[in-house]
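# What the coordinates show
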Amino acid sequence: MSRPEHGDEGSTEELIQVALEGDEDDERAWDAIRTLHCRGTRDVLDAAIQLLGTSSAKARGRGADILGQLGAGNPVFSGERGEALLDLLRREREPLVLLSAGVALGHMVEPRALTELIGLANHPAAEARYGAVHGLAVLDAPEAVEALIQLSADEDRDVRDWATFGLGTLQEEIDTPRLRDALAVRLGDEDPEIFGEALVGLAARKDPRAVGAVHAALCGNPVTVYALEAAASLGDPSFYPLLLAIRDEGRSADSYFLSVLGDVISQFEQKLT
């Protein structure tokens with residue numbers, strides 16, 4: 001069977017064969033998966049569900065990868081996809097497949113998966129917990145927030161990072177003492193991204209514990225976009241001279257950083273005039 005080249009869509013069967021090749025991050029495989037997402041037809045749905053029942057863990061994972069974003073920006077067959085992924089989650093044992101299923105359910109924002117995802121949050125394998133945190137971070141439910149609080153202290157860096165991002169940003173409308181305390185604990189995390197996510201989340205909630213942390217972060221080297229965003233959220237006038245110093249010292253040549261810095265300085269200037 002001939003295989004479609006890059007840019008040549010091919011049949012659903014051909015694209016699935018390409019999706020099954022290479023390792024988990026194979027770009028050609030993901031190109032095929034994205035094409036299947038955009039196609040979003042009944043035959044793609046049926047083919048992906050069929051993959052979930054195969055003996056190959058890789059094929060089951062790819063089936064979940066396809067189902068998670070079927071229809072791309074215009075989701076289709078949401079009910080059937082959700083049922084298929086829930087069924088997979090209930091019977092699957094392979095951590096990498098559970099990862100794909102959790103991420104897929106996160107893309108779908110599937111509230112029916114809440115109980116299963118909470119159970120998955122306690123799985124011994126970090127990959128499975130990483131899947132759980134993706135699925136839970138987008139759910140509007142107190143139980144999901146509690147599970148994210150637990151996962152924000154996970155021993156695995158990636159799980160901890162996504163849980164902190166989920167609490168700080170994706171669950172920004174939720175503001176409870178327990179959630180704030182969980183974010184405050186992560187201010188002591190050695191990982192700069194996790195620290196940054198916690199800082200942004202606390203600052204968005206105007207938590208006073210963020211003020212000193214933002215001040216220190218603006219005096220640090222390197223200064224991150226997280227620190228700039230947190231400073232903007234808090235709006236403390238004492239940050240303004242620090243922001244000007246960062247600009248004038250030319251600490252970073254990164255265009256995105258400089259753009260955010262300029263925007264934040266403008267916000268302060270509007271408030272101070």
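Above this text sits the structure in question.
These numbers were taken from a predicted model, which means no experiment stands behind them.

Turning next to the pattern of salt bridges. Under the defined criterion, the tally for this structure stands at 25 salt bridges. A salt bridge links R42 to D46; the shortest N-O distance between them is 3.6 Å. A residue pair is termed a helical-turn pair when its members lie 3 or 4 positions apart in one helix, as R42 and D46 do in helix α3 (residues 42–52) at four residues. A relative accessible area of 38% places R42 in the partly exposed class. Judged by its relative accessible area of 39%, D46 falls in the partly exposed class. Taking the shortest distance from any N to any O, the salt bridge between R157 and E193 comes out at 3.1 Å. Here R157, found in helix α10 (residues 157–170), pairs with E193, found in helix α12 (residues 192–204); they are 36 residues apart in sequence, far enough to count as distant.

So, on to helix α8 (residues 126–136). Most of α8 sits inside the fold, with eight of its 11 residues counted as buried. Each element contacted by the buried residues of α8 is listed here: α6 (95–108), α7 (114–120), α9 (142–151) and α10.

Before going further, it helps to spend a moment on unusual backbone geometry. Across the junction of N221 and P222, the peptide omega takes the value 5 degrees, indicating a cis bond. One non-glycine residue, F77, lies in positive phi territory at about 50 degrees. Secondary-structure assignment places F77 in the loop between α4 (57–68) and α5 (78–91). Phi is positive for K206, close to 55 degrees, though the residue is something other than glycine. Relative to the helices and strands, K206 is located in the loop between α12 and α13 (209–218).

What follows concerns the packing of aromatic side chains. Overall, the coordinates contain two aromatic pairs when judged by the stated rule. Their ring planes at 65 degrees and their centres at 5.2 Å tell us that W162 and F165 sit as a pair that is edge-to-face. Here F165 and W162 lie together in helix α10, a separation of three residues that amounts to about one turn. Assessed through its relative accessible area of 26%, W162 is described here as partly exposed. Ring centres of Y240 and F268 lie 6.5 Å apart, and the angle between their planes is 20 degrees; this geometry places the pair in the stacked category. In this pair, Y240 sits in helix α15 (residues 240–249) while F268 sits in helix α16 (residues 255–272), placing the two residues 28 residues apart along the sequence. Taking the relative accessible area as the measure of exposure, F268 reaches 3% and is therefore buried. Residue placement shows K271 over the ring face of F268; its charged tip is 6.0 Å from the ring centre.

What follows is about the packing of α10 against helix α11 (residues 177–186). The description of two packed helices rests on the angle between their axes and on the distance between the axes. Orientation of α10 relative to α11, taken along the N-to-C sense of each, is 135 degrees, at an axis distance of 10 Å. Viewed along their axes, α10 and α11 adopt a mutual orientation that is oblique. Of the two possible hands of crossing, α10 and α11 adopt the one that is left-handed. Contacts between α10 and α11 involve R160, T164, L167 and G168 from the first element and L179, A182, L183 and R186 from the second. Of the residues belonging to the contact of α10 with α11, the class tally is four nonpolar, two polar and two charged.

Structurally, D161 is set in helix α10. Residue D161 is classed as buried on the basis of its relative accessible area of 12%. Each residue touching D161, except ones within four places of it in the same chain, is listed here: E193, I194 and E197.

About the thresholds
Residues numbered from 1 in each chain as written. Predicted model: local features only at pLDDT ≥ 70, side-chain atom pairs only at ≥ 80, totals over all residues. Heavy atoms only, no water. Salt bridge = Lys/Arg side-chain N within 4 Å of Asp/Glu carboxyl O. Helix = DSSP H or I, 4+ residues; strand = E, 2+ residues; numbered from the N terminus. Buried < 20%, exposed > 50% of the residue type's maximum accessible area, 1.4 Å probe, protein only. Contact = heavy atoms within 4.5 Å. Phe/Tyr/Trp six-rings, centres within 6.5 Å; stacked < 30°, edge-to-face > 60°. Lys NZ or Arg CZ within 6 Å of the ring centre and 35° of its normal. Axes fitted to C-alpha atoms, helices over the stretch in contact; angles between N-to-C directions. Parallel < 35°, antiparallel > 145°, perpendicular 65-115°, else oblique. Left-handed = near helix turned anticlockwise from the far one by under 90°. Nonpolar A, V, L, I, M, F, W, Y, C, P; charged D, E, K, R; others polar.

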